[in-house]
Amino acid sequence: MRAAMKKNFVTLIREYALYCHERFVSQAFGETSFYPGKQYYSESAEKIKAVALARCCKDLGVASELWNKRWTDSWKSKYAVREWVENTSNNRKNQLWRKKNEEWSWPYKRTTYTKSY
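No experiment lies behind these values; they were computed from the predicted model shown.

Calculation criteria
Residues numbered from 1 in each chain as written. Predicted model: local features only at pLDDT ≥ 70, side-chain atom pairs only at ≥ 80, totals over all residues. Heavy atoms only, no water. Salt bridge = Lys/Arg side-chain N within 4 Å of Asp/Glu carboxyl O. Helix = DSSP H or I, 4+ residues; strand = E, 2+ residues; numbered from the N terminus. Buried < 20%, exposed > 50% of the residue type's maximum accessible area, 1.4 Å probe, protein only. Pairing = 2+ DSSP bridges. Axes fitted to C-alpha atoms, helices over the stretch in contact; angles between N-to-C directions.

1. Observations regarding the pattern of salt bridges
And step 1. Within the structure shown, the criterion is met by 4 salt bridges.
And step 2. The shortest N-O distance in the salt bridge between E83 and R98 comes to 2.9 Å. One end of the pair, E83, is in strand β3 (residues 80-87); the other, R98, is in strand β4 (residues 92-99), and 15 residues separate them in sequence.
And step 3. For R110, the salt bridge is made with E83, and the minimal N-O distance between the two is 3.4 Å. Taken together, the residues span a long stretch of sequence, with R110 in strand β5 (residues 108-110) and E83 in strand β3 at a distance of 27 residues.

As structure tokens, then:
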């Protein structure tokens, strides 16, 4: 017999509309997973709003260059560097991008990648 699947999170969804100068511009849904006891409801509500706003702005073409691979590759080569970092809270290593004029901040520290067999 299979055990029933248990959900320990709730999906929160809300519809938002964007108005500019009292005129309707766009509408979108924001959604996120909410884990009761592990997250604050207010943080999840803010995430929903941010997701909806990003979707509305995408309809308008705001920051549309971010979807253009040629543009992002050019920006990265000019302003960013990809490095191996270690997350000091869980010791996981990963390659991440950072701006050339900034340093890593907690929980990340620069490291070298070594394969262990």
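2. As for unusual backbone geometry
And step 1. The linkage connecting W106 with the following residue, P107, adopts the cis geometry, with an omega of 15°.
And step 2. Of note in this structure, H21 is not a glycine but carries a positive phi near 50°.
And step 3. For H21, the location among the structural elements is in the loop between β1 (10-20) and β2 (23-34).
And step 4. The class for H21 is exposed, based on a relative accessible area of 75%.
And step 5. Its identity is not glycine, yet E22 carries a phi of approximately 65°, on the positive side.
And step 6. In this fold, E22 is placed in the loop between β1 and β2.

3. Some details on the sheet that holds β5
And step 1. What the 3 strands build is an open sheet, ordered β4-β3-β5; its pairing is antiparallel. Both edges of this open sheet fall to β4 and β5, since each of them pairs with a single strand only. Taken pair by pair, the neighbouring strands of this sheet meet at an average axis angle of 50°, ignoring direction.
And step 2. Summarising the sheet, β3 and β5 pair through 3 bridges and their orientation is antiparallel. In the sheet register, E86 faces β5, and the bridge partner there is K109.

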